[in-house]
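Take a look at the letters that make up each chain.
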Amino acid sequence: MLKDKKIGFIGGGNMAEALIKGLLAGGMPAKELAVAEPAAGRREFLRERYGVNVSNDNNAVAADCDVIILSVKPQVCSEVLDGIKGSISPDKPIISILAGITTTAIEAMLSGTPRIVRVMPNTPALVMEGASAISKGAHATGDDISLTRHIFELVGKAWVVEEKLLDAVTGLSGSGPAYVLTFIEALSDAGVKNGLSRDIATGLAAQTVFGTARLLLETREHPAVLRDKVTSPGGTTIAGMHALEKDGFRSAVINGVDAATARSMELGKK
Ligand SMILES: NC(=O)C1=CN([C@@H]2O[C@H](COP(=O)(O)OP(=O)(O)OC[C@H]3O[C@@H](n4cnc5c(N)ncnc54)[C@H](OP(=O)(O)O)[C@@H]3O)[C@@H](O)[C@H]2O)C=CC1
Ligand SMILES: O=C(O)[C@@H]1CCC=N1
């Protein structure tokens, strides 16, 4: 499906790099990937490390590539689109990974009937374990969605959702790696507090999160059912869970996702 198709990133930051690394590992040839990025040092880094084509010229990348992935910060979206709108032909899809910015807003910043697909990926795409949700803009075709799905399934799992749900996706899985990493760091701190070396504590914490996620995905059980299997009557786990709930563990997580979802909506209103 991607054969001979060139993918061009506008913005070569963290998320673009995660996708590039995942796409290369998924079999995409480096010569088919191009990145437009203003920072010379960053361009050099991406070229050296991944062998992709790099440029300082957004217009050249937009004109040369068959699929454009918009990967700049939401705050510079309108300026960037204004600069490249003359170079985007209407026969190519534009995939936006920008938090908060709706397909309607992007369509309004371009001319004609641009084929916009909005995606919210996350950084584990770097190791091909990304979680992405995809939504269709008004003029995107079914083939554009299939192609987008194909791209993001090369770097993990992907779901197609209604666009109104993408802010919630952003709050949950887009920002989610930050919450999970903080949880792993806190688990590791707790291990160190109780006498483990940092190395062993971080290894145990990360493997526990990884293994538990895999257990859940493979068994497809409800999390509460699997938790019950860890929780012996009168044992250690129920004591730990009680202390966590007293400190508002679940509520803190829900509040965090709510705040990130609200911020995604706010970015879309600017
Ligand atoms: N990071 C994440 O986990 C996720 C991010 N996203 C979305 O992805 C997008 C990128 O995020 P992220 O990679 O973290 O951000 P970064 O700041 O790491 O990347 C953005 C890149 O765009 C470059 N840039 C700035 N201005 C321009 C311009 N005019 N033309 C071309 N490139 C430009 C920046 O260069 P410079 O630094 O020199 O300004 C930077 O390298 C955001 O919209 C974000 O909402 C979505 C899902 C997850
Ligand atoms: O923090 C952000 O705004 C971006 C979007 C999701 C993850 N990182």
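How each quantity is defined
- Residues numbered from 1 in each chain as written.
- Chains lettered and ligands numbered in written order.
- Predicted model: local features only at pLDDT ≥ 70, side-chain atom pairs only at ≥ 80, totals over all residues.
- Heavy atoms only, no water.
- Near = heavy atom within 4 Å.
- Polar contact = N/O pair within 3.5 Å; in protein donor to acceptor, adjacent residues only side chain to side chain.
- Areas by Shrake-Rupley, 256 points an atom, 1.4 Å probe, with all protein chains shown as cover.
- UniProt positions renumbered as here; feature names shortened; annotations may be inferred.
- Helix = DSSP H or I, 4+ residues; strand = E, 2+ residues; numbered from the N terminus.
- Core = buried A, V, L, I, M, F, W, Y, C linked by side-chain atoms within 4.5 Å.
- Buried < 20%, exposed > 50% of the residue type's maximum accessible area, 1.4 Å probe, protein only.
- Contact = heavy atoms within 4.5 Å.
- Axes fitted to C-alpha atoms, helices over the stretch in contact; angles between N-to-C directions.
- Parallel < 35°, antiparallel > 145°, perpendicular 65-115°, else oblique.
- Left-handed = near helix turned anticlockwise from the far one by under 90°.
- Nonpolar A, V, L, I, M, F, W, Y, C, P; charged D, E, K, R; others polar.

Remarks on the site of ligand 1
Stage number 1. Around ligand 1 there are 21 residues in total, and Asn14, Met15, Glu37, Asn58 and Val72 lie nearest to it.
Stage number 2. Lysine 73 is positioned with one of its side-chain polar atoms (N or O) 3.1 Å from an oxygen atom of ligand 1.
Stage number 3. Considered on its own, ligand 1 offers 890 Å² of accessible surface; in the complex 74% of this is hidden by protein.

Let's talk about the site of ligand 2
Stage number 1. Near ligand 2 the following residues occur: Ala99, Gly174 and Ser175.
Stage number 2. Bound to the protein, ligand 2 loses 45% of the 240 Å² it would expose on its own.

Digging into the UniProt feature "domain: Pyrroline-5-carboxylate reductase catalytic N-terminal" (unreviewed entry) in the chain
Stage number 1. Here, UniProt's "domain: Pyrroline-5-carboxylate reductase catalytic N-terminal" (unreviewed entry) annotation points to residues 6-100.
Stage number 2. Its end C-alpha atoms 26 Å apart, residues 6-100 is made of 40% helix and 20% strand.

Looking at the nonpolar core
Stage number 1. The biggest cluster of nonpolar side chains holds 30 residues, and the ones touching the most others in it are Ile7, Phe9, Ile151 and Phe152.
Stage number 2. Broken down by element, the residue count for this core peaks at 6 residues, all from helix H1 (residues 14-25).
Stage number 3. With sequence-adjacent residues up to four places away left out, isoleucine 7 is seen in contact with Leu2, Leu23, Met28, Glu32, Leu33, Ala34, Cys65, Val67, Ile69 and Ile151.
Stage number 4. Listed in part, the 20 residues of the second largest apolar core include Ala36, Ile84, Ile94 and Ile106.

Thoughts on the packing of helix H7 (residues 166-174) against helix H12 (residues 249-269)
Stage number 1. Relative to each other, H7 and H12 sit at 135°, their axes nearing to 8 Å. One way to sum up the angle between H7 and H12 is to call them oblique. Of the two elements, H7 crosses H12, and the hand of that crossing is right-handed. For the pair H7 and H12, contact is made by Asp167, Ala168, Thr170, Gly171 and Leu172 and by Val257, Ala260, Thr261, Ser264 and Met265, respectively.
Stage number 2. When its residues are assigned to classes, the contact of H7 with H12 shows 5 nonpolar, 4 polar and 1 charged.

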